[in-house]
Amino acid sequence: MSKSHHAEKATGKGDPQMFKGEAGPAKFKVGDRVRIKDLPDLFYTRSQVYTRGALGEVAVVTHESPAPEDEAWDNVDKPEWFYIVRFRQKDLWPEYPDAYANDTLQTELSERWLELA
Amino acid sequence: MAEKHKAAPMVEEVSDFEALEMAVRELAIEKGLFTADDHRRFTEFAHSIGSLPAARLVAKAWLDPEFKKLALEDGVKASLEVGIDWLNPTGFGTPSDYTDLRVLEDTPKVKHVVVCSLCSCYPRPILGHSPEWYRTPNYRRRIVRWPRQVLAEFGLQIPEDVDVRVEDSNQKCRFMVMPMRPEGTEGWTEEQLAEIVTRDCMIGVALPRPDVKANAKRPVHKAIHPVEHH
Amino acid sequence: MSSRNTLKQPKDAPYPDTFDHARFRECMRTPHDVGGEEDVPMQYEEKEEEQWELNTYVTCECLAWRGAWNAEERRRRQNVDMGNSLYLALPYYGRWLLSAARIMVDKQYVTLTELINKMDEVKKRYE
């Protein structure tokens, strides 16, 4: 019957600020070209299927936090860096019109999902 | 018309959801998972939030380049200047909204629109409660892939030389759009400007206009036992 | 990738040798991952909130505030563990409420017996 110790650690700081410094150095930086890995979807993920295998660019390095795959079971011991990755819509959807070739979509992914392209 | 403000009758039916809701809340309090006072306090917080602080943040940013810079660099710090402390009401933030607000700046080249395709994540503390349509699978399915079509349904035709950027809010960051200041607002005060920055503008499905002070009218699905407002 | 939330097949509990990788992925797909699925334009509406819906939201946040769960545990139960069919069949706040009930039982804060008895007791107040 364990309770999350969230409040103790986070009070006065907030979440994700409470995990600052716990993930070590960020592997990626703004501007890096990355590909989204297609890791198994077993039980839980917040990495959308539409991003898998897609080529994107790191737009923002946001914060350190446990990955949702872990936090969803209250396993908060191994935070990762998170990144907002920007994709060209044309690279996500085959039918996206050429007329809007510069349209983009960005979404946030934890470090385990990215590899340098 | 007379039914609109009908008081709840003394003896009435409860739905399965209402019965379960009471059971869960009463048991949680009985078992010490939270107190009745906690529930009251958080309910007050839920009643207190709305879109005006976010509108004021946008208006301030329009008027003050230094504040705009702060808003774009540190949304949580900028929120303090419009009276919103993202650590409220628990001291570490709301459990669902976290404490990492990002403000997305529309430019002549880029128009932003926000969605949470996985659920309905939304910057409640500064923008209030999300609209019903934002939570629907329909909006979440379509806006990421056919944004211009969906925006057209909202009445926005985005020109070809403006790029549409969808922000799919799927982790702990929370997003609001800072739309561009419209023509016809020269010399306006912060208060006047805030009035035209509606919730829909800050989700990204509407553009502020000098003559529009409310979200576009949509059908409102009524509740059987609506929330009693303070 | 645009599989909808139904997994119709000719035989229940199929033999594993008839089950390929694509089918495995389909079954493992998380119900909440709907971005990019096809859908038709619909009238977007506002909705008046039920009192029970507000109470549910507050209960879920209070459970997390005082440490029974965190929001991500809630989202997992509410948006994925619910399963494909119930994900679309239930009202939005119905899933919040069922997940709050579920966490209390799963983490043994209450027994299912206690929860059922309480529901029964509550319903009897309105008969």
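So, a few notes on the structure that sits alongside this text. (Residues numbered from 1 in each chain as written. Chains lettered and ligands numbered in written order. Predicted model: local features only at pLDDT ≥ 70, side-chain atom pairs only at ≥ 80, totals over all residues.)

### Details of the overall build of chain A
Keep this limit in mind: Segments assigned H or I by DSSP are reported as helices when at least four residues long, segments assigned E as strands when at least two residues long, and all are numbered from the N terminus. The exposure label follows from counting other C-beta atoms within 10 Å of a residue's C-beta, where the C-beta atoms are placed from the backbone and the thresholds are 20 or more for buried and 12 or fewer for exposed, leaving partly exposed in between. Working definition of a contact: two residues with C-beta atoms, positioned from the backbone, lying within 7 Å.
Assigned secondary structure in chain A consists of three helices and five strands. Listed N to C, the secondary structure of chain A is α-β-β-α-β-α-β-β in terms of helices and strands. Each principal axis of the C-alpha distribution contributes one length, and for chain A these read about 55 × 30 × 20 Å. Considering chain A as a whole, with its 117 residues, one finds that 43% of them fall into the buried category. Intrachain contacts of chain A at a sequence separation of at least 6 include 64% that bridge at least 24 residues.

### Observations concerning the interface of chain B and chain C
Rules: Only Asp, Glu, Lys and Arg are considered charged, only Ala, Val, Leu, Ile, Met, Phe, Trp, Tyr, Cys and Pro nonpolar, and every remaining residue, Gly among them, polar. DSSP bridges decide pairing: two strands pair if at least two such bridges lie between them.
With 56 residues of chain B at the contact, the number on the chain C side is 52 residues. For the side of chain B that touches chain C, the elements supplying multiple residues, two or more each, are helix H1 (16-30), helix H2 (36-48), helix H7 (137-142) and strand S5 (220-221) of chain B. Here the side of chain B that touches chain C gets twelve residues from one element, more than from any other, and that element is H1 of chain B. The class makeup of the residues in the side of chain B that touches chain C is 28 nonpolar, nine polar and 19 charged. Across two bridges, S5 of chain B lies against strand S1 (residues 46-47) of chain C in parallel orientation.

### Focus: the nonpolar core
Threshold: Any nonpolar core is a set of buried residues, restricted to Ala, Val, Leu, Ile, Met, Phe, Trp, Tyr and Cys, that join up through C-beta atoms within 7 Å.
Counting residues in each nonpolar core, the largest one holds 69 residues, and the members touching the most others are Val58, Val113, Val197 and Met202 of chain B. Setting aside its immediate chain neighbours within four residues, Val197 of chain B contacts Ala55, Val58, Ala59, Met202 and Pro208 of chain B. Listed in part, the 32 residues of the second largest apolar core include Phe42 of chain B together with Val58, Trp69 and Trp96 of chain C.

### Some words on the environment of Glu30 of chain B
Residues and elements named next belong to chain B. Tracing the chain through its elements places Glu30 in helix H1. With 12 C-beta atoms packed within 10 Å, Glu30 lands in the exposed category. A sequence separation of 114 residues divides Glu30 from Val144, and the C-alpha atoms of the two residues are 44 Å apart.

### Regarding the interface of chain C and chain A
At the junction of the two partners, chain C supplies 18 residues and chain A supplies 17 residues. In terms of residue count, the dominant contributor to the side of chain C that touches chain A is helix H3 (residues 71-81) of chain C (four residues). Its residues assigned to classes, the side of chain C that touches chain A shows six nonpolar, six polar and six charged.

### Here we look at the environment of Val80 of chain C
Following the sequence through the fold, Val80 of chain C ends up in helix H3. Measuring from C-alpha to C-alpha, the distance between Val80 of chain C and Pro31 of chain C comes to 5.4 Å, with 49 residues separating the pair along the chain. Discounting residues that sit within four places of it in the chain, Val80 of chain C has contacts with Tyr44 of chain A together with Thr30, Pro31 and His32 of chain C.

### Let's talk about the environment of Lys172 of chain B
Structurally, Lys172 of chain B can be placed in the loop between strand S3 (163-168) and strand S4 (174-178). Here Lys172 of chain B falls in the buried class, since 25 other C-beta atoms lie within 10 Å of it. Here the alpha-carbon distance between Lys172 of chain B and Pro65 of chain B, two residues 107 residues apart in the chain, equals 27 Å. Discounting residues that sit within four places of it in the chain, Lys172 of chain B has contacts with Asp15, Pro16, His63 and Ser65 of chain A together with Tyr98 and Asp100 of chain B.

### Focus on the pairing of strand S3 (residues 80-88) of chain A
All names here are of chain A. Here six bridges tie strand S2 (residues 55-65) to S3, and the two strands are oriented antiparallel to one another. For Val58, the partnering residue across the bridge sits in S3 and is Val85. The pairing of S3 with strand S4 (residues 104-110) spans seven bridges and is antiparallel. What sits directly across from Arg88, in S4, is Thr104.

### Considerations on the sheet that holds S4 of chain A
So the rule is basically this: Axis angles are defined between N-to-C directions and span 0 to 180 degrees, where every axis is a line fitted to C-alpha atoms and, for a helix, only to the segment in contact.
Across the sheet, which stays open at both edges, the seven strands sit in the order S5(A)-S1(A)-S2(A)-S3(A)-S4(A)-S3(B)-S2(B) with mixed pairing between neighbours. Because the sheet does not close on itself, it has two edges, and the strands there are strand S5 (114-116) of chain A together with strand S2 (110-115) of chain B. Here the strands of the sheet are splayed against their neighbours by 35° on average, with no regard to which way each runs. Where S2 of chain B lies against S3 of chain B, six bridges are found, and the strand directions are parallel. When the sheet's bridge partners are listed, Val110 of chain B is paired in S3 of chain B with Asp163 of chain B.

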